[in-house]
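The primary structure of each chain is shown beneath.
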Amino acid sequence: MKASDVRKGQVVIHEGTPYRVLDYQHRTPGNLRAFVQVRMRNLLNGNLLDTRFSSTEDIETARLDTKELQVLYREGGDVHVMDQQTYEQYTLDAETVGDAGPWMEPEMVFQVEFLDGRPISIQLPSVVELAVVETTPVMKTATKTASTKPAKLSNGVTVQVPEFITEGERIRVDPRSGAYLERAK
């Protein structure tokens with residue numbers, strides 16, 4: 001693929017190392033040749049790299065396999081998962097899981113991108129339904145547009161919820177941002 005075709009989110013191989021493209025700009029300065037300025041994250045160690053490519057330079061793209069996995073159980077920082085098609089089981093370590101760890105409840109289905117048999121990225125579902133286990137009491141003046149208060153969820157994560165939410169209620173949360181969405185129906 002030509003450097004001018006690179007897009008945000010793609011995984012490319014640069015100097016033998018896989019990188020995910022975070023940002024790119026195609027520049028054509030005055031009387032100089034066009035180039036592509038790219039910001040990438042190293043998928044092996046997490047370091048950032050800013051580099052330039054000539055717009056006609058060839059860049060190797062990585063072949064990724066996407067699998068739909070189901071959480072079996074969590075043990076310490078590790079998450080044990082199963083491929084829903086082949087029933088093959090994997091263990092995702094705490095480094096691979098990262099910030100998604102607390103949201104990974106048993107039986108949750110999510111997508112994982114693999115590069116050469118190694119998981120490199122996790123995509124959680126857009127909505128998770130959880131119970132509120134601890135929060136301050138409801139205020140009689142609370143309305144739907146009032147201020148927020150902290151609430152501890154059944155998975156141990158604390159999120160901001162509207163004042164009218166009580167302990168024991170089930171709510172819907174976006175696990176990617178940790179934002180309250182609505183009461184569960």
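Overview of the structure.

The rules behind the values
Position labels on residues start from 1 in each chain and follow its written sequence. Given that this is a predicted model, residues contribute local features only at a pLDDT of at least 70 and side-chain atom pairs are listed and counted only at 80 or more, while totals for whole chains, interfaces and linings are drawn from all residues. Side-chain descriptors were evaluated using all non-hydrogen atoms of the structure, hydrogens and water having been removed beforehand. Counting from the N terminus, the helices are the DSSP runs of H or I reaching at least four residues and the strands are the DSSP runs of E reaching at least two. Relative accessibility decides the category of a residue: with a 1.4 Å probe and only protein chains considered, values under 20% of the type maximum give buried, values over 50% give exposed, and everything between is partly exposed. Here a salt bridge means any side-chain nitrogen of Lys or Arg lying within 4 Å of a carboxyl oxygen belonging to Asp or Glu.

### Things to note about unusual backbone geometry
Positive phi, close to 60 degrees, is recorded for Tyr-87, a residue that is not glycine. Along the polypeptide, Tyr-87 turns up in the loop between strand S7 (78-83) and strand S8 (89-92). Since its relative accessible area comes to 58%, Tyr-87 is described here as exposed. Even without glycine at this site, Asp-116 takes up a positive phi of about 55 degrees. Its location among the elements puts Asp-116 in the loop between strand S9 (109-115) and strand S10 (118-123).

### Considerations on the pattern of salt bridges
Scanning the entire structure with this criterion turns up 8 salt bridges. Between Arg-20 and Glu-113 there is a salt bridge; the shortest N-O distance is 2.6 Å. On the criterion of sequence distance, the pair formed by Arg-20 in strand S2 (residues 17-27) and Glu-113 in strand S9 is long-range, its members being 93 residues apart. Put simply, Asp-174 and Arg-176 hold a salt bridge, and the shortest N to O gap is 3.3 Å. By relative accessible area, Asp-174 is classed as buried at 15%. When salt bridges that share partners are traced, they join Arg-172, Glu-182 and Lys-185 into one network.

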